[in-house]
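# Coordinate inspection notes
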Amino acid sequence: MDYSFGTDEYIQYVLEKYSKMLIKLAFSYVKNMADAEDITQDVFVSLMKRGISFDNEEHEKAWLIRVTINNCKNHLKSSWNKLKVPLEEDISYIPKEDSDVLVMVLDLPSKYRTVIHLHYYENYSINEIAGILRKKPATIGTWLARGRNLLKSKLVGGFEYE
């Protein structure tokens, strides 16, 4: 749909289209659903304050992802976040086999977790991820390969075959 930037219809459209994706991305960073929802809400507030329309839908999506990542990093660096005591996130609503993989992905270092999320959950290519994260495609490819290897070692090491 082609809604005018800033209208109620546009905001409703963007919320419906991107909110789940951004919450998942934020959750992969902060590992807490409440914080992920707050960060996503802040991203949409930033979008409303932006006041300038986007060139195309891909630019819009990339901007939302970049702002979400930046907000997550700011949240993790905040002094308030460093003082709080983490609670275990309940992901029992996810099927057991999916939640096991999700827990392993969430245990990865941030750079690997981000590229794996963008590549496998959001279907971005290595070049697109490089543009979003402002890194070289070779770097993204390396992070993706290392993240896969870490996951593979955890998956293989976590199961006994006999």
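Provided above is the structure to which this section pertains.
Computed from a predicted model, the values in this text were never measured in an experiment.

Okay, the nonpolar core next. Residues Val14, Leu22, Leu47, Leu64 and Ile65 are the most contacted members of the largest nonpolar core, which totals 41 residues. When contributions to this core are tallied by element, the ones reaching two or more residues are helix H1 (8-30), helix H2 (33-50), helix H3 (57-77), helix H5 (96-106), helix H6 (110-121), helix H7 (126-133) and helix H8 (137-157). Looking at this core, the element that brings in the most residues is H1, giving eleven residues. The contacts of Leu22, once residues within four sequence positions are left out, are Thr40, Val43, Phe44, Leu64, Ile65 and Thr68.

Attention now moves to the environment of Met21. Here Met21 lies in helix H1. Judged by its relative accessible area of 8%, Met21 falls in the buried class. Taking the C-alpha atoms as reference points, Met21 and Leu118, 97 residues apart in sequence, are found 9.7 Å from one another.

Phi angles above zero are rare outside glycine, and Asn123 is one such case at about 60 degrees. What makes Asn123 exposed here is its relative accessible area of 63%. Even without being glycine, Arg134 reaches a positive phi, approximately 60 degrees. Summarising the element assignment, Arg134 is placed in the loop between H7 and H8.

Together, Val101, Tyr120 and Tyr121 line one region of the surface with nonpolar side chains, adding up to about 280 Å² of accessible area. Residue position: Tyr120 is located in helix H6. For Tyr120, a relative accessible area of 44% gives the class partly exposed.

Attention now goes to the side chain of Arg66. With respect to the helices and strands, the residue Arg66 is situated in helix H3. The side chain of Arg66 sits in the buried core without any salt bridge; Glu58 is the nearest counter-charge, 14 Å away. Separated by 2.9 Å, the side chain of Arg66 and the backbone oxygen of Ile132 make a polar contact. Sequence-distant contacts of Arg66, defined by excluding residues within four places in its chain, comprise Lys73, Ile132, Leu133 and Arg134.

Reading guide: rules and limits
- The written sequence of each chain sets the order in which its residues are numbered from 1.
- Side-chain atom pairs in this predicted model are given and counted only at pLDDT of 80 or more, local residue features only at pLDDT of at least 70, and totals for whole chains, interfaces and linings cover all residues.
- Based on all heavy atoms of the structure, the side-chain values leave hydrogens and waters out of the count.
- In these notes, a set of buried Ala, Val, Leu, Ile, Met, Phe, Trp, Tyr and Cys residues joined through side-chain atoms within 4.5 Å is what counts as a nonpolar core.
- Burial status follows relative accessibility: with a 1.4 Å probe on protein chains alone, a residue under 20% of its type maximum counts as buried, one over 50% as exposed, and anything between as partly exposed.
- Every helix listed is a DSSP run of H or I at least four residues long, and every strand listed is a run of E at least two residues long, numbered separately from the N terminus.
- Contacts were defined at the residue level, with two residues in contact if any of their heavy atoms lie within 4.5 Å.
- Exposure above 30% relative accessible area and the absence of a salt bridge qualify a residue for a patch, where like charges join within 9 Å and nonpolar side chains (Val, Leu, Ile, Met, Phe, Trp, Tyr) within 5 Å.
- Residue exposure ignores everything except the shown protein chains as possible cover, and the areas themselves are Shrake-Rupley values with a 1.4 Å probe.
- Each salt bridge in this description consists of a side-chain nitrogen of Lys or Arg and a carboxyl oxygen of Asp or Glu lying within 4 Å of one another.
- Charge convention: Lys and Arg are scored as positive, Asp and Glu as negative, and His as well as the terminal groups of each chain are ignored.
- Each polar contact in these results corresponds to two N or O atoms within 3.5 Å; when the atoms are within protein, one needs to be able to donate a hydrogen and the other to accept it, and residues that are neighboring in sequence are counted only if both atoms are side-chain atoms.

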